[in-house]
Amino acid sequence: MTGAGIMLMEGDVPHGSLCTTDDVSALIEQLQYELGEGPCVDAYELGRPALEPDLADPVSPRWIAFTRPALAAGVRAIFGFPLRVGFVQLGALNLYRDRPGPLDPDQYADASVMADVAAQAVLLLQAGALPGTLAVELETGADFQYAVHQAAGMVAAQLEVTVGQALIRLRAYAFGNDRPLAGVAKDVVARKLRFNGTDGEEDPRP
Amino acid sequence: MTRETLLARTLVELADTLVADFDVVDLLTRLADSCVDVLDVRAAGLMLAAPDGALRVMASSSEAMRVLELFEVQAQEGPCLDCYRSGQPVIEADLATHASRWPRFVPEALAAGFRSVHALPMRLRGTIIGALNLFHIDPHAMGPADVGAAQALADVATIAILQHRAASEAQLLTEQLNNALNSRIVIEQAKGMVAERLGVNMADAFHRLRHHARNHNERLADIAARVIAGELAASALDVPRTPGSA
């Protein structure tokens, strides 16, 4: 494996990235967070591993929006394993390689065990947290997209809409301008980008 | 149906309990009834330890059995209790001639018509969760095959209960994890909203929210939720005396 990471998810919403081994893994998780598709999303939703041994030439193409940027980052094979304890799902483990090829039986078994151990570890850490708070150990090195949520709060105030609607506007702007959501959020928080008017025109400050 | 077939079927039924709508009392009631069918005992009962370690009567195959087990727990004396405490099988083939073993329990058992008892531990390696009590109306010791079958039934039930507890705990922890993450998200959103409305940076927005929460003895996440919902205006938040304090 070239890299790995763990995403936490709830319902159909990724919470974000718990940890990653390298920038490409971080990108893989960021893409899945923004696009809502990818091997981790599938593994979490289906409750079983989602395996793509050759992202450039898949047997059945899926992840239309995810594939191109992932390939551009050097991902050639990618595998998602659900993080679960019993029938409870927490998220998913993602593993990627910079060359195509399937997991051999040993690697598959190891990955399944890793996912199980990771799930147990996350819950064990959370068990030690103060009630109502996230365990400190889980926050270190994690990226739960706080900038996106801060930006949503700001845009909600700018447009006098709900944060849910603000988030949709942010995503639409990112998609329409072919920019990552995280970058758009950062600009909003840095006050380089504002949303205003009922006709929804954006007004970038010079 | 042969006894072996009945035993095998019972084991499978007991094992098939790793489902979301698992009910412990239901499982143990079926176990008690199965013991009477499969093992040719007169009565069976199960006790499980509560979180504080005290045994509770969970299931009995007959009313007489239930009354007797309740007595055992109340008197804190009897084969089921000894079995739970030691984690080992406790067998008495003839209660009538061994009354001194449990001076208060034995007369009650005899009065209920029971002459012999086998108590088997519900345990998985080092974890003892309770005990299975089996009673006969004749003085006799169960043969090794019967004891083995009884222990197998108890073991399967034990595993099912422990698995379910682990899964329930995992579910609870996951809910706590997600609640914590969601609270955090709401706080970040509120920071953005306050920063925008008051024209301050994120750090000051955070201090404002936290100061207000402390002043009003409320949770930060609750204040944040009210700001997001439009119930609490950013301008209505208490102002810290020195910027960045509170």
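Above this text you will find the structure in question.
Note that the structure is a prediction, hence the values are computed from the model and not measured.

## Comments concerning the nonpolar core
Nonpolar side chains tend to gather and get buried jointly when the protein is soluble and globular.
Moving on, step 1. Among the nonpolar cores identified, the biggest contains 85 residues, and A:Leu93, A:Ala151, B:Leu209 and B:Ala224 are the most heavily contacted of them.
Moving on, step 2. The dominant element in this core, judged by the number of residues it contributes, is helix 6 (residues 144–198) of chain B, at 12 residues.
Moving on, step 3. Excluding residues within four positions of it along the chain, B:Ala224 makes contact with B:Val186, B:Ile187, B:Ala190 and B:Leu209.
Moving on, step 4. Ranked by size, the runner-up nonpolar core spans 46 residues in total, among them B:Ala43, B:Leu68, B:Leu120 and B:Met122.

## Describing the pairing of strand 4 (residues 116–124) of chain B
Residue and element names in this part refer to chain B.
Moving on, step 1. Burial runs high along strand 4: eight of the nine residues are buried.
Moving on, step 2. Relative to strand 4, strand 3 (residues 90–92) runs antiparallel, the two sharing three bridges. Note on strand 4: the bridge partner recorded for Ile91 is His118.
Moving on, step 3. Strand direction decides the pairing type here: strand 4 and strand 5 (residues 127–136), joined by nine bridges, are antiparallel. Its bridge partner lying in strand 5, Leu120 is registered against Leu132.
Moving on, step 4. The loop that links strand 4 with its antiparallel partner strand 5 comprises two residues; one of these, Arg125, has a positive phi angle of about 50°.

## Looking at the interface of chain B and chain A
Moving on, step 1. Across the boundary between the two partners, chain B contributes 27 residues, which contact 27 residues of chain A.
Moving on, step 2. Elements supplying a minimum of two residues to the side of chain B that touches chain A: helix 6 and helix 8 (220–228) of chain B.
Moving on, step 3. Broken down by element, the residue count for the side of chain B that touches chain A peaks at 23 residues, all from helix 6 of chain B.
Moving on, step 4. Split into classes, the residues belonging to the side of chain B that touches chain A amount to 15 nonpolar, seven polar and five charged.

## Side note on the sheet that holds strand 5 of chain B
Residues and elements named next belong to chain B.
Moving on, step 1. A sheet is described by the order of its strands in space; here five strands give the open sequence 2-1-5-4-3, paired in antiparallel fashion. Strands with a single pairing partner mark the edges of an open sheet, and in this sheet they are strand 2 (55–60) and strand 3. When strand polarity is set aside, the average angle formed by the axes of neighbouring strands in this sheet is 20°.
Moving on, step 2. Of the strand pairs in this sheet, strand 1 (residues 43–49) and strand 5 are connected by six bridges, and their pairing is antiparallel.

## Re the environment of B:Glu13
Moving on, step 1. If you trace the backbone, B:Glu13 turns up in helix 1 (residues 3–15).
Moving on, step 2. C-alpha separation for the pair B:Glu13 and B:Leu31, spaced 18 residues apart in sequence, amounts to 9.6 Å.

## What to know about the sheet that holds strand 4 (residues 77–85) of chain A
Moving on, step 1. Strand order in the open sheet formed by five strands is 2-1-5-4-3 (chain A), and the pairing between neighbours is antiparallel. Each of the sheet's edge strands pairs with one partner strand only, and the pair in question is strand 2 (13–20) and strand 3 (50–52) of chain A. Sheet twist, expressed as the mean angle between neighbouring strand axes with direction ignored, is 20°.
Moving on, step 2. Sheet topology places strand 4 of chain A next to strand 5 (residues 88–97) of chain A; nine bridges connect them, and they run antiparallel. Across the sheet, the residue bridging to A:Arg84 is A:Gln89, located in strand 5 of chain A.
Moving on, step 3. Contacting strand 1 (3–10), strand 2 and strand 5 of chain A, helix 1 (residues 23–35) of chain A runs over the sheet at an angle of about 25° to strand 1 of chain A.
Moving on, step 4. Along the sheet face, helix 6 of chain B touches strand 1, strand 2, strand 4 and strand 5 of chain A and points at about 75° away from the line of strand 5 of chain A.

Each value, and the rule that gives it
Residues numbered from 1 in each chain as written. Chains lettered and ligands numbered in written order. Predicted model: local features only at pLDDT ≥ 70, side-chain atom pairs only at ≥ 80, totals over all residues. Core = buried A, V, L, I, M, F, W, Y, C linked by C-beta atoms within 7 Å. Buried ≥ 20, exposed ≤ 12 C-beta atoms within 10 Å, placed from the backbone. Helix = DSSP H or I, 4+ residues; strand = E, 2+ residues; numbered from the N terminus. Contact = placed C-beta atoms within 7 Å. Pairing = 2+ DSSP bridges. Nonpolar A, V, L, I, M, F, W, Y, C, P; charged D, E, K, R; others polar. Axes fitted to C-alpha atoms, helices over the stretch in contact; angles between N-to-C directions.

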